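Each chain is listed here by its residues.
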Amino acid sequence: DAGITQSPRYKITETGRQVTLMCHQTWSHSYMFWYRQDLGHGLRLIYYSAAADITDKGEVPDGYVVSRSKTENFPLTLESATRSQTSVYFCASRWDWGQETQYFGPGTRLLVL
Amino acid sequence: GESVGLHLPTLSVQEGDNSIINCAYSNSASDYFIWYKQESGKGPQFIIDIRSNMDKRQGQRVTVLLNKTVKHLSLQIAATQPGDSAVYFCAEIGPYNFNKFYFGSGTKLNVKP
């Protein structure tokens, strides 16, 4: 059981480039989430999705775009990367109502030069 | 937004001793709390959770205590082992949206052999 995976695990890009981070889960969880983790800020929610084609903003959505055409995938796109988006990005998922615990992927370390 | 803080950024304990990690939360209406463990280079891993209608919950070597009067949460680890060395986060789940977790910046636990 692969659980939740993220790719790439490491990415270096330049300011202004478009970058897509992938997230895939094999549990058929309804909900999926994207967080960024920065020193001193803990984990902050970027976007989440309740089901295919249903997404909603979190605490820090500016500069990011998400989509969810299939239940198992939840890609995060930085349309024009900025240095302030250098961070570690975590994807998470959970079941439907009554099971609030979120399960996290291994993370993607992104460096924007 | 919600505010979740930790009293101590770093905690050092001797192997075999008990560890106590503290967390303060701001919203007295929050319904659900989770403790996560994050090892270096990995995603957060679920440890234990507690709902607001409980004061205490025990797991394997871990106990979470919830004091709603002072809005305080603690994680107790019995007989701390070197494998317990990690960063520990508490997460507060807002009463209005179970998809929005609010994480503290974490406490780093160092276990000395």
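Within each chain, residue numbers correspond to sequence positions counted from 1 in written order. Going through the entries in the order they are written, you letter the chains from A and number the ligands from 1. Since the coordinates come from a predicted model, pLDDT governs what is reported: local features require at least 70, and pairs of side-chain atoms require 80 or more to be given and counted, while whole-chain, interface and lining totals use all residues. With hydrogens and water stripped out, all remaining heavy atoms of the structure feed into the side-chain values.

A few points about the packing of aromatic side chains
Aromatic rings from Phe, Tyr and Trp, taking only the six-membered ring of Trp, are treated as a pair when their centres fall within 6.5 Å; an angle between ring planes under 30 degrees marks them as stacked, one over 60 as edge-to-face, and anything in between as tilted. Within this structure, the stated rule accounts for 15 aromatic pairs over all chains. A centroid spacing of 5.8 Å and a plane angle of 50° characterise the contact between B:Tyr36 and B:Phe103, whose relative ring orientation is tilted. Of this pair, B:Tyr36 sits in strand E4 (residues 32–38) while B:Phe103 sits in strand E10 (residues 101–103); the two residues are 67 residues apart in sequence, bridging distant segments of the chain. Across this residue pair, the class does not change: B:Tyr36 and B:Phe103 are buried. Relative to B:Phe103, the ring of B:Phe89 has its centre 6.5 Å away and its plane inclined at 90°; by these criteria the two rings are edge-to-face. Pair noted here: B:Phe89 is in strand E9 (residues 86–93) and B:Phe103 is in strand E10, with a separation of 14 residues, a long-range link. In this scheme, a residue with accessible area under 20% of its type's maximum is buried, one over 50% is exposed, and one in between is partly exposed, where area comes from a 1.4 Å probe on protein chains only. On the basis of relative accessible area, B:Phe103 is assigned to the buried category, the value being 7%. One aromatic cluster is present, formed by A:Trp27, A:Tyr31, A:Phe33, A:Tyr35, A:Tyr48, A:Tyr103, A:Phe104, B:Tyr36, B:Phe46, B:Phe89, B:Phe101 and B:Phe103 through successive ring pairs. A ring is considered to have a charge above it if a Lys NZ or an Arg CZ atom is located within 6 Å of its centre and within 35 degrees of its normal. Over the face of the ring belonging to A:Tyr31 we find A:Arg94, whose NZ or CZ atom lies 4.0 Å from the ring centre. Here a strand is any run of E in DSSP of at least two residues, a helix any run of H or I of at least four, and the numbering for each starts at the N terminus.

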